[in-house]
Amino acid sequence: MSAYTNFRFETDADGIALATWDMPGRSMNVITMEVMEDLERIIDAVVADPAIKGCVVTTGKDTFSGGADLTMLQGLGAEYERLKTSEGEEVAMRHFFEASRRLSLVFRKLETCGKPFAAAVQGLCLGGAFELALSCHYRVLADDEATRVGLPEIKVGLFPGGGGTQRVARLMQTGDALQMLFKGEQLRALMAKNMGLAHEVAPRAEIVEKARAWILGGGSAVAPWDVPKFKAPSGKVYSPAGMMIWPPANAIYRRETHDNYPAAKAILASVYEGLQLPMDLALKVESRYFAHILRTKEAQAMIRTLFISMGELNKGARRPKGVEKTKLAKIGIVGAGFMGAGIAYVTAAAGMEVVLIDRDVEAAEKGKAYAQKLITGQINRGKAKTADRDALLARIQTTADYADLSGCDLVIEAVFEDPKVKAEVIAKVEAAIPETAIFASNTSTLPISGLAKASSRPERFIGIHFFSPVEKMLLVEIIKGAATGEQAIATALDYVRAIKKTGILVNDSRGFFANRCVLAYVQEGHKMLMEGVPPAMIENAGKMAGMPVGPLSLNDEVALDLGLKILKATEAQLGEAAIDPDQKRLLVEMVERRDRLGRKNKRGFYDYPENEPKRLWPGLAELQPTRLDPDSLDVEELKNRFLVVQALEAARTVQEGVIDDPREADVGSILGFGFAPFTGGALSYIDFMGARGFVELARSLEAKHGPRFAPPDNLVSMAETGSRFYDALSKKAA
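All values reported here derive from a predicted model rather than from experimental measurement.

Draft legend 1. Geometry of the UniProt feature "domain: 3-hydroxyacyl-CoA dehydrogenase NAD binding" (unreviewed entry) in the protein chain. Within the UniProt annotation, "domain: 3-hydroxyacyl-CoA dehydrogenase NAD binding" (unreviewed entry) is assigned to residues 330-508. The span residues 330-508 carries 40% helix and 22% strand; its end-to-end C-alpha distance comes to 27 Å.

Encoded structure:
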C-alpha cells in the first residue's frame, strides 16, 4: 500500500491496481488541489510499474463524488486579483489560466498514459468527478436508484472545464450532447449507458470486478478520439449534417437564455470550435473559455448563492445554536386543500407519519387522493415503485377529529387566509396537542405576530410559508413572530430540511419577503399594461430580464381573484395610499366584471383552450386607456423596471429588518420566485452592479415612472460609502 492522502492504492496478484477515493473526515469526496496531486501521483505510479496492467478508480464511500470544491475555484479568483495588483494583469492571467486548467491536464494525462484505466462508479458522480470517469477508458456504473451521473455546472453559472464538453460531444450526437450540457441534468445508470456515456451497468457489489475483468481481458488504453481517422458521431461541423445542427442550436440558445448566461454561450462555442480540432487543442480551447467564465460576475454570483450560500443554509447556518436537533416522527396538517394536500405528500414522502384533518373525513380523503395521484405519477415515470406508494399512503391518516393530533411533534395549519378562521383552528389544535409540540401557520401574507395573539403559547408559534405547488417548489419561508422562541425556529428548520427543501428565516411583516418582491413584479406588469405597452411585449420583456415567466402569466397561475383579495385587505387595513389605484381598477375589471380569474377558470390574462397552448386574451387591448407603439419602447428599460422594482423591495426588507442575512434574500429570491438566477439573487443584483450604479438607475426610473422606484435610505447610504450587502458576512468569514 502506498501513502496517499485521499486515496487508498493497492495492486492485486493479477497486476490490477485499485485506487479507492476515500477522503478522510468528509461524508463525500470532492475534487481539491490535493486530490489532483494524489491522482497525478497515482497515474505516475501505474505507468512506472511494469507489473501493473491497469487501474480501477472507485470510491470508498456510498457515493463517488459531487465534483469540484467550488470554494477552490473562488480562491483562484482571489489569487488572480492579488497577482494583478502585485505583478500585473498579464502575470495574473497566465497564472489563472494554468491553474484553472490543471484538472483538465491531469485527466488528459490519465487518458494518454498508455495504461488502461476503468472507473467503477456508485452513487452520485457529477461535474468534475464525471469528467474523471469520462477520461477513463472504461466506465461501469452501479445499477441502482442512487447512482446518477451528469455535468450540472451550468446550474451554478459554470460549464464543464475538465474536458466534459469535448468528450461528451465525441461520444454522442452533437444535438444530444448540447442538450445534456445545457440542461445539466443527472442521468440514471441505464440512461447513461444507452446514451453512450458508460460501457456497462452492473449490481453495485460487482462494479469493481467488472472493471477489473475489462482490464484483464485486454482493455484498450486508447480513447476513441485518439484513434487515427476517428469521426465524431454527427460528422464534421462544416458539412450538410453539421449545418442541420448549428444554426438551430444557436437559435435555441438565444430563445432559452436571452444571452443572459455566458456559460451557456461558452458551451456552444467550446463544442463548435473543439469539434474542428484534435483533442489536445480542443481541450485548450475549452480551458480558455473556462478561465473566462470563471471570472464573469454571473459565475461568481451564481456560485456564491446557489452553491455556497445554499449549502450553508441547508447545513443550518441560521439554526439557533445550542438547540438539540428535533426528532420529528408525526406531523399534523389541518386543511386538506391544494396546499395542505401538497404538504401532506412531501411530509409522508420524507418518511414521517401524517395526520391530515379537514371538516370531514371525505374532505380529508380528497387531500390524500392528491398524494396518491402524485406518487402514481412518480411510478409511471419510473421514479418510484408500487410498494413506495403503498407505504406513503399508509403514513397518511385522514380524520376530522382534532384529538388525533395528540401525538404530533409539529402541526401545520393550511386553512383559508382569514384571521378568524385561523384563530378557531389554533384553539382546537392547542387543546389537543402536547405542550412540547410546535404550531405553524402556512400563510402567504398574514403577519404571524397577529395570528399568534390567538395562541396560548406564542413562543411555540411560528410561520411556515410553502410555495405552490408544494411538491415542486424548493423554498420554504420560516417566519419568526414577535414572541417566537428558539425551539420553534429550530423545529421548523429541521422539518424543512427533513422534507428536502431549503428554508430561509425571515422576521414578521405583511407579505414577508418573497411575496413582497414577487408582487412588485406582478404590479409592474399591471402598470405597463395600463400604460399601453403591448401585452406580448410585457411578457417577453419579463422573460428576457431573466424571470421564468412573464408577470401576466404568473398572475394567472396564482389567481387574479386572490390578488384582488390581498389588495382589498391591504387597503382596508392600511388605507388607500398603500395600494395602486390603477392596479385595483384593472383587477376589479378582470375579476368582478369579466369573471377572468386566471388559469383556474381558464380565463385570465390568457385564454386556455382545451388541448391547445395558452394564448394572450385579445380583449386586453380594450382595457388599455392608450396603446403605445412597440417600436417607440426601450426594451432594456422594460427589463430594468422588472428587476429593479423587485431588488428595491428586497432592499426595503433589509432596511425594515425582515431579512437579517443577505444569503437568505438571494437564495429565497431565486428558489422562491425565480428572480433572474444569473444575477445571484435580488441583493447580489445590487451588489454586483454596485450600490452607486444601482441607485443612479433607480433614480432615473423614479424620475420617469414614479416613487415606487425611489431607493430606500439604506441603499442611498451604501451608494455614498461604497459598501455592499455582503460586507458584514465577509468580515465574519475573515
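Once you've had a look at it, read on.
Draft legend 2. How the structure looks around the side chain of Asp580. Turning to its location among the elements, Asp580 is positioned in the loop between α23 (560-574) and α24 (581-593). There is a polar contact of 2.9 Å between the side chain of Asp580 and the side chain of Lys527.

Draft legend 3. Region of interest: the sheet that holds strand β6 (residues 124-126). As summarised here, the arrangement of the three strands in space is β6-β8-β9, forming an open sheet in which the pairing is mixed. Of all strands in the sheet, those with a lone pairing partner are β6 and β9 (187-188), marking the two edges. Alignment of β6 against strand β8 (residues 148-150), held across three bridges, turns out to be parallel. Bridging from a neighbouring strand, Leu126 pairs with Gly150 of β8. Against the sheet, helix α5 (residues 128-135) contacts β6 and β8, and its axis sits at roughly 85 degrees relative to β6.

Draft legend 4. Seen up close, the packing of aromatic side chains. Applying the stated criterion across every chain yields a total of 17 aromatic pairs. Here the aromatic rings of Tyr80 and Phe96 are separated by 5.7 Å at their centres, their planes lie at 70 degrees, and the arrangement is edge-to-face. Here Tyr80, found in helix α2 (residues 70-87), pairs with Phe96, found in helix α3 (residues 89-100); they are 16 residues apart in sequence, far enough to count as distant. Phe96 carries the same exposure label as Tyr80, and that label is buried. Counting every residue linked through ring pairs, the aromatic cluster contains Phe7, Trp21 and Phe64. Lying over the aromatic face of Tyr606, Lys614 brings its terminal NZ or CZ to 4.6 Å of the ring centre.

Draft legend 5. Local environment of the pairing of strand β12 (residues 353-357). Extensive coverage of β12 is indicated by the burial of four of its five residues. Bridge analysis of strand β11 (residues 330-334) against β12 gives five bridges, and the strand direction is parallel. If you follow Ile333 over to β12, its bridge partner there is Leu356. Where the polypeptide runs from β11 across helix α14 (residues 338-349) and back to β12, its parallel neighbour, the crossover connection is right-handed. Pairing between β12 and strand β13 (residues 396-399): four bridges, direction parallel. Residue Ile357 lies in a different strand from β13, and its bridge partner there is Thr399.

Draft legend 6. Quick peek at the pairing of strand β14 (residues 410-413). Alternating residues of β14 divide into Leu410 and Ile412 and Val411 and Glu413, and every residue in both groups is buried. One ladder, built from four bridges, connects β11 with β14; its direction is parallel. Pairing of Ile331 across the sheet is with Leu410, part of β14. Pairing of β14 with strand β15 (residues 438-441) involves four bridges; the strand directions are parallel. In the strand pairing of β15, Glu413 is matched with Ser441. Of the crossover connections in this fold, the one passing from β14 over helix α17 (residues 419-432) to the parallel β15 is right-handed.

Draft legend 7. Quick look at the sheet that holds β14. Read from one edge of the open sheet, eight strands run β13-β12-β11-β14-β15-β16-β17-β18, paired in mixed fashion. What marks the edges here is a single partner per strand, and that holds for β13 and β18 (502-507). Going from strand to strand, the sheet's axes swing by 25 degrees on average, the running direction of each strand aside. Here helix α15 (residues 361-380) sits on the sheet and contacts β12 and β13; the angle it forms with β13, its principal contact strand, is near 155 degrees.

Draft legend 8. Fine view of the UniProt feature "domain: 3-hydroxyacyl-CoA dehydrogenase C-terminal" (unreviewed entry) in the protein chain. As recorded in UniProt, the feature "domain: 3-hydroxyacyl-CoA dehydrogenase C-terminal" (unreviewed entry) lies at residues 511-608. End C-alpha to end C-alpha, residues 511-608 measures 29 Å, and it is 65% helix and 2% strand.

Draft legend 9. Structural detail: the nonpolar core. Counting residues in hydrophobic clusters, the biggest one holds 190 residues, and the most contacted among them are Leu197, Leu405 and Phe513. Every residue in contact with Phe513, bar those within four places of it in the chain, is listed here: Glu477, Ile504, Val506, Ala650, Thr653, Val658, Ile659, Ala665, Gly668, Ser669 and Phe673. Ala348, Val354, Ile375 and Ala384 belong to the second-largest nonpolar core, a separate cluster that totals 41 residues.

Draft legend 10. Examining the layout of surface pockets more closely. Its volume calculated, the second largest pocket comes out at about 1000 Å³. Lining the second largest pocket are 36 residues, with Gln74, Arg304, Ile308, Tyr726 and Ser730 positioned closest to its centre. Every element with two or more residues in the lining of the second largest pocket is listed here: α2, α13 (297-314), α27 (662-673), α28 (682-689) and α31 (727-733). Counting residues per element, the lining of the second largest pocket draws most heavily on α2, at eight residues.

Draft legend 11. Region of the structure containing α24. Here α24 contains 13 residues, and its C-alpha end-to-end distance of 17 Å stays within 8% of the 18 Å for a straight helix at 1.5 Å per residue. For α24, every residue scored as buried is listed here: Gln583, Leu586, Leu587, Val588, Glu589, Met590 and Val591. Here α24 starts with a cap whose side-chain oxygen sits 3.2 Å from the backbone nitrogen of Asp582, and that cap is Asp580. Asp595 occupies a position one or two residues after α24 and carries a positive phi of about 55 degrees.

The rules behind the values
- Residues numbered from 1 in each chain as written.
- Predicted model: local features only at pLDDT ≥ 70, side-chain atom pairs only at ≥ 80, totals over all residues.
- Heavy atoms only, no water.
- UniProt positions renumbered as here; feature names shortened; annotations may be inferred.
- Helix = DSSP H or I, 4+ residues; strand = E, 2+ residues; numbered from the N terminus.
- Polar contact = N/O pair within 3.5 Å; in protein donor to acceptor, adjacent residues only side chain to side chain.
- Pairing = 2+ DSSP bridges.
- Contact = heavy atoms within 4.5 Å.
- Axes fitted to C-alpha atoms, helices over the stretch in contact; angles between N-to-C directions.
- Phe/Tyr/Trp six-rings, centres within 6.5 Å; stacked < 30°, edge-to-face > 60°.
- Buried < 20%, exposed > 50% of the residue type's maximum accessible area, 1.4 Å probe, protein only.
- Lys NZ or Arg CZ within 6 Å of the ring centre and 35° of its normal.
- Right-handed = clockwise from strand over helix to strand, strands pointing away.
- Core = buried A, V, L, I, M, F, W, Y, C linked by side-chain atoms within 4.5 Å.
- 1 Å grid on protein atoms, 1.4 Å probe; cavity = no way out; pocket = protein on both sides within 12 Å on 5 of 7 lines; lining within 4 Å.
- Points joined across faces, edges and corners; volume = space filled by probe spheres on them.
- Expected span 1.5 Å × (residues − 1).

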